[in-house]
Amino acid sequence: MSNPNLQTTKRETFSSGLAVFFATLGSAVGLGNIWKFPYLVGINGGGAFILVYLVCIVLVGMPVAISEFYIGRRTKSNPIQAFDKLKVGPLWKIIGYLGVMTSFFVMLFYSSVAGWVYLYTFKALKGDFTSIASLPMKEAGAFVTKEFDMVVGGPISPMLWQLIVVSVVSIIIFAGVKKGIEKVTKTLMPVLFVLIIVCALRALTLEGARQGIDFLFSVDFSAITPAVLLSALGLAFFKLSIGMGTMITYASYFTNDNNMPATSAKVAISDVGISMLAGLAVFPVVFTFGLEPGNGPGLLFNTIPLVFSKIPFGSTLLIAFFFLASIAATTAMTSMFAVPVSVLTESLNMRKSTAVILTGGMVFLIGIFTVHPSSLLGNVEIFGKSFFDLFDYISSNILMPIGGLLIAIFVGYFVTKDELIDELSNQGRLNMVFFLRIFRLLLRFITPILLIIIFLNSIGLIKF
Ligand code: PHE
């Protein structure tokens, strides 16, 4: 039996810069790229939204990500102990506690959607969607919608798939940083990348490809309203997995020679690339079959099975698409799971197996309430919202912006310039003084203001 106290002294790290890149990308790439990005682009008018989103990534996403990297690697600790090591007074530990709570809340509904994705992969493998091919378009549409409500609203199977997701993630975390997170992300991220390119290339040979590309790339500035700006900012946050301790935790395993600002840029660029590829895989098909691009979250579950079953090699592509979505959901959820486990094992000296079972068990037992409204437990409501909406709302609209704001203020104002430059430049080995000046300026003056605006809007104190 291992001595749990040793775990705090001997901390695992990733084995190379490439491992750091894939693990961080594994956290960033998730249902956000495949589920949220295409539908937000769809309802917010296409290319204009993408442009605003990119600005948000640069002005808010990357500065907060780099700040979390700073805290994590500087202290090599979980998000709560990190603030002890930085010797900044107990109040800042709130960032850590909030992070644990937020990652837990996000897992509750994320595991539910991830379960649907696993289930759809399984259904695609079984050939459940092949009968659609012979149906006329309208009936095929009705079939897929009914299927979604039946499958996801079924009494038992969504919970079962959620349990499978939680178990897979638990095993990865239990296996450790190198043998679990690193191995899985290094193997699966390239697979995801290849599969998404194949899906996008296939979609681009369809009749509606031109319209899909135009929709994605044409920029109509009149579509940029304050509401669009806010949803782009929220997406940037969710996409880069920031504001909830995830990046602090992963960075605590980073290698000392990693160029962290460069890692944040590479991850942000690759993540945007994967979102664009997801858009290229989805929109040409949407236009080819005359569907509504602003179809909402159902775009993934209602549209993809429908259209892929109507094109040659569609059933293979359908499996590929849902398989890649399962990879994305799993690696992203792994990074959330790492947060409470690192705190339980290091701050409470809990054995790793106990921490993993406790976290997984709680995610599952509370998470089953986030299933579809028509399923067994899905119609329980608190404050007039389903559990799914409630946890999504609290974490995305309240906890993540507060977490991000506190991190930006902390690193911008309470960490000395020398200390920040020392860590981010790897003790002066990297020459990046100009970049770091700009970064600090953004972090002190632009990022917090934008975050305060989203937060006030999301709790209804200011309206656009
Ligand atoms: N970035 C992930 C996605 O896009 C979601 C996520 C959020 C992961 C927060 C970890 C922490 O799906």
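Residues numbered from 1 in each chain as written. Predicted model: local features only at pLDDT ≥ 70, side-chain atom pairs only at ≥ 80, totals over all residues. Heavy atoms only, no water.

**Quick notes on the site of the ligand**
- Close to the ligand lie 15 residues, the nearest being Ala28, Gly32, Tyr110, Phe238 and Lys239.
- Here Leu31 contributes a backbone N or O atom positioned 3.0 Å from an oxygen atom of the ligand.
- Tyr110 has a polar side-chain atom sitting 2.5 Å from an oxygen atom of the ligand.
- Protein contact buries 100% of the 320 Å² of open area that the ligand shows by itself.
- When atoms are counted within 2 Å of each cavity's grid points, the one that captures over half of the ligand is the largest cavity.
- Contributing elements (two or more residues each) for the shell around the ligand: helix H2 (17–28), helix H3 (31–43), helix H11 (226–239) and helix H15 (314–346).
- Looking at the shell around the ligand residue by residue, the classes come out as seven nonpolar, seven polar and one charged. (Near = heavy atom within 4 Å. Polar contact = N/O pair within 3.5 Å; in protein donor to acceptor, adjacent residues only side chain to side chain. Areas by Shrake-Rupley, 256 points an atom, 1.4 Å probe, with all protein chains shown as cover. 1 Å grid on protein atoms, 1.4 Å probe; cavity = no way out; pocket = protein on both sides within 12 Å on 5 of 7 lines; lining within 4 Å. Sits in = over half its atoms within 2 Å of the grid points. Helix = DSSP H or I, 4+ residues; strand = E, 2+ residues; numbered from the N terminus. Nonpolar A, V, L, I, M, F, W, Y, C, P; charged D, E, K, R; others polar.)

**Points about the layout of surface pockets**
- Taken as a whole, the largest pocket holds about 640 Å³ of empty space.
- Forming the walls of the largest pocket are 28 residues, and the residues nearest its centre are Lys36, Leu40, Ser231, Ser396 and Asn397.
- Those elements that place two or more of their residues in the lining of the largest pocket are H3, H11, helix H14 (298–308), helix H17 (387–414) and helix H19 (433–458).
- At eight residues, the largest contribution of residues to the lining of the largest pocket is made by H17.
- Partitioning the lining of the largest pocket into residue classes produces 18 nonpolar, seven polar and three charged. (Points joined across faces, edges and corners; volume = space filled by probe spheres on them.)

**Focus on the environment of Phe391**
- Examined against the element boundaries, Phe391 turns out to sit in helix H17.
- Between the alpha carbons of Phe391 and Leu456 there is a distance of 19 Å; along the sequence they are 65 residues apart.

**As for unusual backbone geometry**
- At Lys87, a position not held by glycine, the phi torsion is positive, near 50°.
- On the basis of relative accessible area, Lys87 is assigned to the exposed category, the value being 74%.
- For Gln427, which is not a glycine, the phi torsion comes out positive at approximately 55°. (Buried < 20%, exposed > 50% of the residue type's maximum accessible area, 1.4 Å probe, protein only.)

**Comments concerning the environment of Pro63**
- Here Pro63 shows up in helix H4 (residues 47–75).
- Residue classification places Pro63 among the buried positions, given a relative accessible area of 2%.
- Residues Pro63 and Ile446, 383 residues apart in the sequence, show an inter-C-alpha distance of 9.8 Å.
- The contacts of Pro63, once residues within four sequence positions are left out, are Ile57, Val58, Phe439, Leu442, Leu443 and Thr447. (Contact = heavy atoms within 4.5 Å.)

**A short note on the side chain of Thr75**
- In this structure, Thr75 sits in helix H4.
- Classification of Thr75 as buried rests on a relative accessible area of 4%.
- Engagement of the side chain of Thr75 in a polar contact is seen with the backbone oxygen of Ile71, the distance being 2.7 Å.
- If sequence neighbours within four positions are ignored, Thr75 has contacts with Ala82, Lys85 and Leu86.

**Quick word on a nonpolar patch on the surface**
- A contiguous nonpolar surface patch, about 490 Å² in accessible area, is contributed by Tyr413, Phe414, Leu441, Phe445 and Ile446.
- At the level of elements, H17 and H19 are the ones that each hand at least two residues to the nonpolar patch.
- The leading source of residues in the nonpolar patch is H19, at three residues.
- On the secondary structure map, Phe445 appears in helix H19. (Patch = residues over 30% accessible without salt bridge, like charges linked within 9 Å, V, L, I, M, F, W, Y side chains within 5 Å. Salt bridge = Lys/Arg side-chain N within 4 Å of Asp/Glu carboxyl O.)

**Comments concerning the nonpolar core**
- In terms of nonpolar packing, the biggest core is built from 155 residues, with Phe14, Ile71, Tyr110, Phe301, Phe308, Phe321 and Phe410 touching the most fellow members.
- Ignoring anything within four residues of it in the chain, the contact list for Phe410 reads Ile71, Phe83, Leu86, Val88, Trp92, Ile95 and Val415. (Core = buried A, V, L, I, M, F, W, Y, C linked by side-chain atoms within 4.5 Å.)

**Observations regarding H19**
- Its 26 residues place the ends of H19 36 Å apart at the C-alpha level, agreeing with the 38 Å of an ideal helix rising 1.5 Å per residue.
- The largest bend in H19 amounts to roughly 45° and is located at Leu443.
- Among all positions in H19, only Leu436, Phe439, Arg440, Leu442, Leu443, Thr447, Pro448, Leu451, Ile454, Phe455, Asn457 and Ser458 are buried.
- Contacts from the buried residues of H19 go to H4, H11, H17 and helix H18 (417–424).
- Immediately downstream of H19, the backbone of Gly460 shows phi near 85°, a positive value. (Expected span 1.5 Å × (residues − 1). Bend = angle between axes of the 7 residues up to and from the residue.)

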